[in-house]
Amino acid sequence: MIFNSVLSAPISIVTPFGNLTDVTSGLEEGEKDRSCPLNGALYTKNREKLWKERRPLGVMVENHLDARPPIGLSRSDVIYEAVAEGGITRFLAIYLCQDAGDIAPVRSARTYFLDWVLEYDAAYAHVGGANTPGPADALGQIRQYGIKDMDQFGLGFPTFWRGTDKLAPHNVHSTTKKLWEAAEERGAGVEDEEGVRWDENFQVWQFKDDATLDKRGDQKPIVVPFWSQSPDYTLTWQYDKTANVYRRFHGDTPQTDPNTGEHLSAKVVVVQFQVETMANDGYPDGHLLYKTTGSGNALIFMDGQAIVGKWVKEQRSSRTKFLNAKGQELELNRGQIWIQTVPAGNDVTY
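What you see is a predicted model, and the numbers here were worked out from it, not measured in a lab.

Draft legend 1. How the structure looks around the packing of aromatic side chains. A complete count under the given rule lists 14 aromatic pairs for this structure. Taking 5.3 Å as the distance between ring centres and 10° as the angle between the ring planes, the aromatic pair formed by Tyr80 and Trp116 counts as stacked. Pair noted here: Tyr80 is in strand 6 (residues 78-85) and Trp116 is in helix 2 (residues 111-120), with a separation of 36 residues, a long-range link. Overall, the relative accessible area of 2% leaves Tyr80 in the buried class. On the basis of relative accessibility, which here comes to 1%, the residue Trp116 falls in the buried class. With a centroid separation of 5.7 Å and 90° between ring planes, the pair formed by Phe91 and Trp338 is classed as edge-to-face. Here Phe91, found in strand 7 (residues 88-95), pairs with Trp338, found in strand 26 (residues 337-343); they are 247 residues apart in sequence, far enough to count as distant.

Draft legend 2. Seen up close, the sheet that holds strand 11 (residues 161-162). As summarised here, the arrangement of the three strands in space is 8-12-11, forming an open sheet in which the pairing is antiparallel. Bordering the open sheet on either side are strand 8 (102-103) and strand 11, each of which pairs with just one other strand. Pairing of strand 11 with strand 12 (residues 172-175) involves two bridges; the strand directions are antiparallel. Counterpart to Trp161 in the pairing with strand 12 is His173. Along the sheet, helix 5 (residues 176-185) contacts strand 8 and strand 12; its crossing angle with strand 12, the most-contacted strand, is approximately 75°.

What counts and how
- Residues numbered from 1 in each chain as written.
- Predicted model: local features only at pLDDT ≥ 70, side-chain atom pairs only at ≥ 80, totals over all residues.
- Heavy atoms only, no water.
- Phe/Tyr/Trp six-rings, centres within 6.5 Å; stacked < 30°, edge-to-face > 60°.
- Helix = DSSP H or I, 4+ residues; strand = E, 2+ residues; numbered from the N terminus.
- Buried < 20%, exposed > 50% of the residue type's maximum accessible area, 1.4 Å probe, protein only.
- Pairing = 2+ DSSP bridges.
- Contact = heavy atoms within 4.5 Å.
- Axes fitted to C-alpha atoms, helices over the stretch in contact; angles between N-to-C directions.

Here you go:
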């Protein structure tokens, strides 16, 4: 239908702070009955105590061919993906309920990612950003929108450092621990400087348990092209019916997280079709704009089924909601959620 794996071994990451391959928190003992507010995943009471005392992090992570594999994505709660420039996609990884250890390579801000950061009132970690005057001036908009800024150029070492694993600009690292510590020091802990909690007005998505095996579909591979002229960034999701997850590939190559050796996988895959335009701000490679507010077509994949629906976002800071064909908000499976923005009119095969 068309709509308008083998795990690698964990890699030992050498940093100024020692080895960062261990991303477990030691808090897995006990009943998992506490729902992460971002993606509904169930954790123990001890882990809940941690996330209740911190603010979500939004971290820009690169997906350039020279930057692969990205590090730390398997422990994020929600991941957004869209083209930065030239058909090259970039990730916004949202962290709250898990500790990621090493995260890399951290890259620069783009204007449309800010609209997703605002949904969580997140502390936003990035390395500079688009700053050409005009509609794509991400650095100016960070200040204008009141985003809690965690720019590497303002924080530096030890919150961020350049690793020896890759050449600049593909080698800026950080950790969730370092970023949460820096956010607290900058008045962006669980409460802001006025004493307002980040989640005071947060709208939680609706969640559900997985469908039983007999009610799961036989989903064919999902092929998501961003730009047809940039096939290296077209991705494929392969559905594992037994595990009820979608596993991520570029071509035939599985995308894995060096921290954990895990194949990057999603419980829910969302493709939202949004109008793409050029900012025409004189930047050599051409800054992009996406219409992130209003509504548009969406495909939502879970339980081996494809749901043809819509995305709706009333204003810049509003929570994006995903609706079925009847206009009802969908209940999403608990676990990591991937949301890809592709230009309206693209063909997604599934």
